[in-house]
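Okay, here's what each chain looks like letter by letter:
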Amino acid sequence: IVTSAAPQKCTAAVVNGNFDCGLEIQTRSVEQTLIPLVSQITTLINHKDKLKKTEKTLRAIQRVGQAVSVAVGRFVAVGEAIAAENEDLKDEMGLACFEARRAGTAIAQLTDVSSLEQCEGDGRSTVFSDRTGMVKAARMLLSSVTKVLVLADCIVIKQIISSRNKVLVTLEQLERVSTFQEFVQIFSQFGNEMVEFAHLTGDRQNDLKDEKKRARMAAARAVLEKCTMMLLTASKTCLRHPDCESARINKEAVFQRMRLALEQVIEIVTDTRSSGEAKALPISIYAGIKDFKVKVEGLRDSLYCVSCEAVAAQLEALMEKTEDFTDSAYTSHEQRETIIQLCQITRQETKQLINTWRHAQSLKAKEATDEMELSILKTCQSVSDLRRELHRVAVGRATELLKLHSDHLVLQALKASGGDGNLEAVADYAGTLTEHKEQLVETCRLLCHISGTEPLEITCIHAEETFRVIGPQIISAAQTLALHPTSKIAKENLDVFCEAWESQLCDMAILLKEINDVFEGRRGALIKPFSHDINFLKTVKAAKLDAEEQTTIAKLGLELCLLTSDVDSEVERWDEQDHEMVRLCQIISSMAYSMYLFTRILILSETEKLSDACQQLQVCAKTPVQGKSAIFQKVMQYNSYRLFLYISEWSR
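Note that the structure is predicted; figures quoted are calculated from it, not measured. (Residues numbered from 1 in each chain as written. Predicted model: local features only at pLDDT ≥ 70, side-chain atom pairs only at ≥ 80, totals over all residues. Heavy atoms only, no water.)

Turning next to the overall build of the protein. The number of helices and strands found in the protein is 20 helices and zero strands. A burial count over the protein gives 47% of its 652 residues as buried. For the protein, the proportion of contacts with a sequence separation of at least 24, taken over those separated by at least 6, is 77%. When the accessible area of the protein is evaluated, it comes to approximately 33,500 Å², of which 54% is carbon and sulfur surface. (Helix = DSSP H or I, 4+ residues; strand = E, 2+ residues; numbered from the N terminus. Buried < 20%, exposed > 50% of the residue type's maximum accessible area, 1.4 Å probe, protein only. Contact = heavy atoms within 4.5 Å. Areas by Shrake-Rupley, 256 points an atom, 1.4 Å probe, with all protein chains shown as cover.)

Below, the discussion takes up the packing of aromatic side chains. Under the counting rule described, the total for this entry stands at three aromatic pairs. Between Phe187 and Phe190 the ring centres are 5.7 Å apart and the planes differ by 40 degrees, which places this aromatic pair in the tilted class. Note that Phe187 and Phe190 are positioned in helix H6 (residues 180–207) at a spacing of three residues, about one turn of the helix. Relative to Trp501, the ring of Phe467 has its centre 5.3 Å away and its plane inclined at 70 degrees; by these criteria the two rings are edge-to-face. With a gap of 34 residues between them, Phe467 in helix H16 (residues 454–483) and Trp501 in helix H17 (residues 488–519) connect regions that are remote in the sequence. Residue Phe467 shares its accessibility class with Trp501, and that shared class is buried. (Phe/Tyr/Trp six-rings, centres within 6.5 Å; stacked < 30°, edge-to-face > 60°.)

Turning our attention to the environment of Asn422. Following the sequence through the fold, Asn422 ends up in the loop between helix H14 (409–419) and helix H15 (423–450). Residue Asn422 is classed as partly exposed on the basis of its relative accessible area of 35%. The spatial distance from the C-alpha of Asn422 to the C-alpha of Leu481 is 9.4 Å, given a sequence separation of 59 residues. In contact with Asn422, not counting residues within four places along its chain, are Ser417 and Ala482.

Right, let's talk about the packing of H15 against H17 for a bit. With their axes 12 Å apart at the nearest point, H15 and H17 run at an angle of 25 degrees to one another. Taken together, the axis directions place H15 and H17 in an arrangement best described as roughly parallel. H17 is crossed by H15, and the crossing has left-handed handedness. Between H15 and H17, the residues in contact are Leu433, Lys437, Leu440, Thr443, Cys444, Leu447 and Ile450 and Trp501, Leu505, Met508, Leu512 and Ile515, respectively. Partitioned by chemical class, the residues of the contact of H15 with H17 number ten nonpolar, one polar and one charged. (Axes fitted to C-alpha atoms, helices over the stretch in contact; angles between N-to-C directions. Parallel < 35°, antiparallel > 145°, perpendicular 65-115°, else oblique. Left-handed = near helix turned anticlockwise from the far one by under 90°. Nonpolar A, V, L, I, M, F, W, Y, C, P; charged D, E, K, R; others polar.)

Here the focus is the confidence of the model for the protein. Residues at a pLDDT of 70 or more form 70% of the protein, whose mean pLDDT is 78. Low pLDDT, under 50, characterises residues 524–544; the stretch is placed with 49 contacts to residues that sit more than four places away or in other chains. Segment residues 646–652 is flagged for pLDDT under 50; beyond a separation of four residues in sequence, or across chains, it makes six contacts in the model. (pLDDT = per-residue confidence, 0-100.)

On to a negative patch on the surface. Taken together, Glu320, Glu323, Asp324 and Asp327 make up a surface patch of like negative charges. Within the secondary structure, Glu323 is located in helix H11 (residues 323–326). Given the relative accessible area of 38%, Glu323 is considered partly exposed. (Patch = residues over 30% accessible without salt bridge, like charges linked within 9 Å, V, L, I, M, F, W, Y side chains within 5 Å. Salt bridge = Lys/Arg side-chain N within 4 Å of Asp/Glu carboxyl O. Lys, Arg positive; Asp, Glu negative; His and termini not counted. Charge placed at Lys NZ, Arg CZ, Asp CG, Glu CD.)

Turning our attention to the pattern of salt bridges. The full count for this structure, using the stated rule, is 27 salt bridges. Across the pair Glu267 and Arg216 runs a salt bridge, and its minimum N-O distance is 3.6 Å. Here the residue Glu267 occupies a position in helix H8 (residues 245–270), and Arg216 occupies one in helix H7 (residues 211–240), the gap between them amounting to 51 residues. A salt bridge links Asp507 to Lys226, with the shortest nitrogen-to-oxygen separation between them at 3.0 Å. Of this pair, Asp507 sits in helix H17 while Lys226 sits in helix H7, and the two are 281 residues apart along the sequence. Overall, Asp507 belongs to the buried group, its relative accessible area being 16%.

This part is about the side chain of Arg214. The residue Arg214 is located in helix H7 in this model. The side chain of Arg214 sits in the buried core without any salt bridge; Glu211 is the nearest counter-charge, 4.1 Å away. At a separation of 2.6 Å, a polar atom in the side chain of Arg214 contacts the main-chain carbonyl oxygen of Leu208. With sequence-adjacent residues up to four places away left out, Arg214 is seen in contact with Arg28, Gln205, Leu208 and Lys209. (Polar contact = N/O pair within 3.5 Å; in protein donor to acceptor, adjacent residues only side chain to side chain.)

Here it is in structure tokens:
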């Protein structure tokens, strides 16, 4: 079990083209917070040495420097508050805050050019006389502010890890329970912990920069969402029929899958793997074709950037992957022949390209010859035709399977056979479902080859794994029902697993549309996020903003303050100060920052209203009424409170 956040690396390089603070920024919120700061520092560093030192110029530079210093001061105050509340980060956060404050002060002093002649007279450095000092202060500021943000982000990671650990402990307790009463009590706690975990990981998923990580997080959270209900019914069935082997197998598979999903979430947020090595995605045919075309087209710029042998070897590796299509028992004879023919054409065109390429090299040519240019075009066209055919085959098969399984006849037959206690019929239909599972698993693998983006490849892998796991779980649930045909719990359990299968088929239909969108030049979305259902809402307690919320507000304040001063400094360059557009920009900028300050004051008082609203909602729900008028009034009042809570939750 991971018990602490892994150290994060952060890369924040942007001032004068080469600022690197040695850290890797993982989230968009941290990156977006740094953008205005980088913009301001760039403005100060990149000023022209021979810039005319007019009063407007001096005023603008001084305003930018003061804005940076003030904003950093506010930001550091929040960082110091976080350090005080987190002992393990106290020293590191304190040092980063100290460096940020010192750098902000240095920038303010260097940009204090209100009396430039006096500054030069008494030997005091300014942004005009000490460019090296400004670069050094800017570098320290960017590095220290980034460290503060990343350290604050580590707290979020620790919250997710802590939440996961609580879920794991409760999960182990659930696995060992022996009575219904004990199970109900622990499962209630488990539900609350899963809701907390869902919110934390949902926010993290939306904040991640890396699309592949977001897709992996979405897949893991989807597993947890669906498995929660499966865990409930599978555990109840096991408690009701403790000597049933199929019920035990069904339950253990659910617990194992949840543990793997929880572990995957932690691997994503900490950017580590339990094995210590990152698991690379298998290279898809689409990715292979894309890379192959890049190398071939790159020959136009350099005939010596890659070897002929490397291109030939890459093509053969690509051709080998097409065997997933041609070796499939579900690929028609016509489709197989077409794919093989396109592979032969691609090989021939590539061979011709290599011949012309070697001839050009023998002539010491510096660029591609006309003959070679023609071969490049033909090779790229042939490999594109191959990709188009593979896309047609995979999408066509997926469409047929979705249509075939839309009536869910096999699932209905398993339910009926199990309810009749007919083990023989269950075994027959289990064989049919296994065949369907294998078809869907293979189709997901083919879709992964042609999906077009790495996030969609991850989604295809998730779909493949889901069908692979749920198929046997449905069979074991059906066997349990056949052994205990009068058991309502066993019937409910089978229904839940069948619904999960049907849900995954719906997800596959969405995935298919997204793959087509990418193929046709439109981008699609990823797996639907973990539900944030209003039923999960609990009574909200009025409280002061915690460290994370304070950090968020500080980030926004820093960004707005810096953007406002950026607008002011930019409009100073306009010759026509009375220009209407300039005036409007200044007004909008000022209003934005004023709105932030105003909202900051009101947010606590608005939060306190939630507690009263939740209590009123509970009272309203429990109060008995009689008569149409009273019932109507109660329903309206109840819905009003629910709407208020929903809007409040959504706005967070």
